[in-house]
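Observations on chain architecture
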Amino acid sequence: MTFAGIVAALILGFIPATIASKKGRDFMTWYIYGFLLFIVALPHSLIISKTEDQKLKDASASGRVPCPFCKELIHIDAVVCPHCQRDLPADFKEKAMASCAPPEEPQRKKPSASMKGQIEWAKNHPEDNK
Ligand SMILES: [Zn+2]
């Protein structure tokens, strides 16, 4: 392989790697695969399906979450699952949003005013004093 061929392979390796990483696959693995076997890696990256994690990420980004009963993707505001026809629990939306959104840090600060205030705060938040 000539120097120009190696440079071309280094550049072409990004194509299947980018396509595969958008489908939830490891970028570096697919870059090496694309560098060594571009002619095979490109169609392979196009035909592979998204990983289950990537499907869930895409679905939650578009406001769809899996039904707790049949696991089909349904709209987050649904009251009845259109696939299994079961009524969704009243707290379904809250639970679904909690599982999709990254966990938020509770907004609280340690008081720095007085010693009495700090003792009071420590009593109310024992998990922070481990
Ligand atoms: Zn369902």
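Here, the structure is the one placed above.
Definitions and cut-offs
- Residues numbered from 1 in each chain as written.
- Predicted model: local features only at pLDDT ≥ 70, side-chain atom pairs only at ≥ 80, totals over all residues.
- Helix = DSSP H or I, 4+ residues; strand = E, 2+ residues; numbered from the N terminus.
- Buried ≥ 20, exposed ≤ 12 C-beta atoms within 10 Å, placed from the backbone.
- Contact = placed C-beta atoms within 7 Å.
- Core = buried A, V, L, I, M, F, W, Y, C linked by C-beta atoms within 7 Å.

Before going further, it helps to spend a moment on the overall build of the chain. Scanning the chain for helices and strands turns up seven helices and two strands. Shown N-terminal to C-terminal, the secondary structure of the chain runs as helices and strands in the order α-α-α-α-α-β-β-α-α. For the chain, the proportion of its 130 residues judged to be buried stands at 10%. The contacts of the chain with a sequence gap of at least 6 include a subset with a gap of at least 24, amounting to 30%.

A few words on the nonpolar core. Formed by Ala-17, Ala-20, Trp-30, Tyr-31, Tyr-33 and Ala-41, the largest nonpolar core amounts to six residues. Broken down by secondary-structure element, the contributors of at least two residues to this core are α2 (14–22) and α3 (27–36). Broken down by element, this core gets its largest block of residues, three residues, from α3. With sequence-adjacent residues up to four places away left out, Tyr-33 is seen in contact with Pro-16 and Ala-41.

Among the secondary structure elements, Leu-12 is positioned in helix α1 (residues 3–12). Of the residues examined, Leu-12 has 16 C-beta atoms within 10 Å and is grouped as partly exposed. In sequence terms Leu-12 and Ile-39 are 27 residues apart; their C-alpha atoms lie 9.8 Å from each other. What Leu-12 contacts, discounting residues up to four positions off in sequence, is Gly-34 and Phe-38.

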